[in-house]
Structure formats: structure tokens, C-alpha cells
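Listed below are the residues making up each chain.
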Amino acid sequence: MRREVMSGRKAAPLPYDTDPLFADAVARAGIGAWSCDVACGTLSWTPGVYHLFGLSPAERLDRREIVALYDEESRLRMERLRAWAIATGQPFAMEAQIVRHDGERRWMRLTTDVVRKGGRVVRLHGIKQDITEDRHRLETLRRQAEHDALTGLANRSVFETRFLAAPAADPRLGPLAALILIDLDDFKQVNDRLGHMAGDACLRVAAERMTHMFPDAMLMARIGGDEFAILVRAGMAPASIRARAEALVAELCRPVPRGDAWVPLGASAGLAFIDDPLRCDPEVLFASADAALYAAKAAGRGSLVTRSASSMRADDPAGEFPGMPTLG
């Protein structure tokens with residue numbers, strides 16, 4: 001492929017036209033140039049683009065087959081932007097995911113500019129750069145920033161940002177059915193008597209049991225040393241949610257095997273239901289669940305107490321609302 005020159009003079013050869021070593025180096029760096037004739041759809045690629053798509057430079061390029069290698073979301077967005085560039089003459093850039101013939105998924109940064117003739121766009125051209133490793137590094141950093149290193153659950157910051165700090169009726173929250181807050185009973189004694197390694201083992205097992213019991217949770221987070229939160233999606237009957245929460249508490253009260261010994265584990269939980277799945281005040285819901293958890297621990301631990309986020313009335317024997325608690 002050669003550079004378009006609108007003056008009509010012959011284009012000077014580019015480095016990858018004359019120097020195979022340069023072409024190979026650029027290809028290995030995951031960078032390639034491309035062009036497409038708007039009228040007939042004919043594609044021209046440098047070796048780097050063939051390398052990115054896992055194709056041989058000897059293969060014939062068919063635009064329809066190449067576009068089919070884009071994942072659906074990237075393909076739809078790319079085609080919309082392409083049509084917009086042809087209609088307006090404006091360049092664009094985007095990140096896209098492709099699925100190569102060998103099944104490997106790659107990410108690329110696509111930049112597009114236009115060539116006009118007689119006031120019309122006749123050619124699109126630009127650069128395609130492999131950014132797969134960059135995306136993987138960013139995803140790793142994101143997971144490290146958003147997940148608790150010990151349990152693998154979301155951390156407190158994510159819980160606060162995505163739920164507690166969200167405004168009421170935020171569409172990103174819903175539809176929600178309930179919030180469960182869980183506190184491991186007498187956990188400090190496990191650390192004091194058996195050491196922090198035993199305590200860490202209990203926390204990991206507790207997280208695994210929660211994930212097993214609520215695999216469809218909207219969000220599951222470790223919000224304190226031995227405190228956890230589970231946001232339950234709408235669609236399940238309240239009685240079913242309560243039954244599953246009770247089963248979870250029973251599961252969390254089973255001892256944890258460690259070597260030839262067993263480490264005692266216990267848990268109490270507060271469950272708060274939402275009357276309207278599409279409208280939720282996060283602070284009120286959290287306060288209701290925290291009050292229910294407070295009542296469960298006061299009632300003897302190892303139990304579940306349920307409240308309604310709208311009525312703020314307790315259904316536990318203590319019957320006292322302890323006030324508006326805060327996270328922490």
C-alpha cells in the first residue's frame with residue numbers, strides 16, 4: 001500500500017515498501033497501515049495488519065469476511081462510525097475487539113482518516129495497532145484496585161461507589177430485591193487463638209460459601225475485616241431470598257477444615273427487602289439491613305433478621321430500631 005497524494009505526483013515509497021526488516025519490525029510491534037476503497041470495498045494492508053488478524057499476506061482480502069471477525073459490539077460501532085466518516089468527511093478513532101480464525105481474541109486501536117476527490121470521500125485509511133497486552137495490563141490493575149486481594153470479592157470502595165453513593169432510582173442499581181449484610185461471629189477470637197493465617201483461611205472459605213449460595217448476586221463485597229454485603233437482583237420471591245439467606249447463615253456456621261483440625265466459624269445476617277425494585281434509596285436500604293444485622297447479633301448470633309427498607313420496622317424479638325447506622 002502506498003500513501004495517497006492528491007497533487008497527482010507519484011508517491012514516494014514508504015519504508016515498509018522497500019525494507020523487509022523495517023516491515024517485519026513494525027509488524028512485530030503490532031502496528032500496521034490499511035486503506036479501503038469506498039466504492040468497491042477493496043482493502044490494502046501492510047504486514048502488521050495481517051499479523052494482527054492472524055492472516056497470511058498471501059491471502060485474498062474480502063472486506064465482508066474481515067468485518068465478520070469483529071465481535072458484535074465492535075462491529076456495529078465500527079460500521080456506524082465508518083458510515084459517519086464517509087458522510088461527513090470526519091476522521092475517527094476507536095478500540096475494537098476481533099476474534100481471529102484460530103479463536104484468539106485480540107484488541108486493537110483503529111484510527112481512520114479520509115481521502116476526498118471532487119468533494120466526496122473516496123478512500124478511508126489509517127492505522128491498526130494491537131493493544132491486547134495493554135488492555136490485559138489495565139484489566140489486571142482494575143481488578144487489583146476493585147477487588148479484595150484475600151477473598152477475590154469486590155472491595156469496600158467498589159461497594160460504596162457503585163451502591164452506597166449512588167442516587168435513589170439510579171438505573172445502574174436495579175432492579176434490586178434486597179441487601180444482605182453478614183458479620184462473622186467472634187471472628188477476633190479466631191485470629192487471637194489460632195493466628196491470622198487461620199483467620200484468613202476462614203475469610204476465604206466464607207467468601208466461597210457466599211459465592212456458592214448467591215452466584216447470581218448483583219454485587220458481593222467484603223466491606224470490613226469480617227463484614228460482607230450481598231446485593232440480590234429482583235426476580236426472586238422474598239420467601240425464596242429469605243430461605244437462601246437462612247441456608248447461607250447455616251453454611252457459614254459450619255467449621256472450616258484446616259489440616260487435621262477444624263476452625264469454628266459462625267455468622268449473623270441482616271436482610272432488608274425493597275418494595276419497589278426500580279426505586280431504591282441506597283442509604284435507607286443499608287440502614288435497614290444494618291439494623292437487622294444489629295438485631296440478629298443481639299438475639300444470640302448465628303441467626304438472620306429481616307426488615308423492610310420502606311417501613312423500617314423490625315420483625316425480630318427485640319423490636320428496637322437502634323438508629324441510623326453508617327458504614328464502618
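Being a predicted model, the structure only gives us computed values, none of them experimental.

Comments concerning the environment of Met-218
And then number 1: Mapped onto the secondary structure, Met-218 falls in the loop between helix H9 (196-213) and strand E7 (219-222).
And then number 2: Judged by its relative accessible area of 22%, Met-218 falls in the partly exposed class.
And then number 3: Taking C-alpha positions, Met-218 is 9.4 Å from Ala-234, a pair spaced 16 residues apart along the chain.

Regarding the sheet that holds strand E8 (residues 227-233)
And then number 1: Taking strand neighbours across the sheet as the criterion, the five strands line up as E7-E8-E6-E11-E12 in an open arrangement whose pairing is mixed. Only two strands of the sheet have a single partner each, and these edge strands are E7 and strand E12 (304-308). With strand direction ignored, the average angle separating the axes of adjacent strands in the sheet is 15°.
And then number 2: Relative to E8, strand E6 (residues 176-184) runs antiparallel, the two being bridged by seven bridges.

A short note on the nonpolar core
And then number 1: By size, the foremost hydrophobic cluster in this structure holds 34 residues, and its most contacted members are Ile-180, Ile-182, Met-210, Phe-214 and Ile-230.
And then number 2: Those elements that place two or more of their residues in this core are E6, helix H8 (187-194), H9, E8, helix H10 (238-252) and strand E11 (267-273).
And then number 3: Sort the elements by how many residues they give to this core and H9 lands first, with seven residues.
And then number 4: Each residue touching Ile-182, except ones within four places of it in the same chain, is listed here: Met-210, Asp-226, Glu-227, Phe-228, Ile-230, Leu-248, Leu-252, Ala-267, Ser-268 and Ala-269.
And then number 5: Ranked by size, the runner-up nonpolar core spans 26 residues in total, among them Trp-45, Val-67, Met-108 and Leu-124.

Some details on the confidence of the model for the protein chain
And then number 1: Residue-level pLDDT values for the protein chain average 83, and 81% of them are 70 or greater.
And then number 2: Here residues 311-328 is modelled with pLDDT under 50, and outside its nearest four sequence neighbours on either side it reaches 33 contacts, counting other chains as well.

What to know about helix H5 (residues 72-88)
And then number 1: Between its terminal C-alpha atoms H5 stretches 24 Å, which fits the 24 Å expected from 17 residues at 1.5 Å a residue.
And then number 2: Among all positions in H5, only Ser-74, Met-78, Leu-81, Arg-82 and Ala-85 are buried. Angular distribution of buried residues about the axis of H5 spans 110°; they occupy a single face of the element. Relative to its buried face, H5 has exposed residues pointing more than 90 degrees away, namely Glu-72, Glu-73, Arg-80 and Ala-87.
And then number 3: Those residues of H5 hidden inside the fold are in contact with strand E1 (31-37), helix H4 (63-67), strand E3 (92-99), strand E4 (105-117) and strand E5 (120-130).
And then number 4: Phi for Gly-89, located one or two positions after H5, is positive at around 75°.

So, how was this worked out
- Residues numbered from 1 in each chain as written.
- Predicted model: local features only at pLDDT ≥ 70, side-chain atom pairs only at ≥ 80, totals over all residues.
- Heavy atoms only, no water.
- Helix = DSSP H or I, 4+ residues; strand = E, 2+ residues; numbered from the N terminus.
- Buried < 20%, exposed > 50% of the residue type's maximum accessible area, 1.4 Å probe, protein only.
- Pairing = 2+ DSSP bridges.
- Axes fitted to C-alpha atoms, helices over the stretch in contact; angles between N-to-C directions.
- Core = buried A, V, L, I, M, F, W, Y, C linked by side-chain atoms within 4.5 Å.
- Contact = heavy atoms within 4.5 Å.
- pLDDT = per-residue confidence, 0-100.
- Expected span 1.5 Å × (residues − 1).
- Arc of directions from axis to C-beta.

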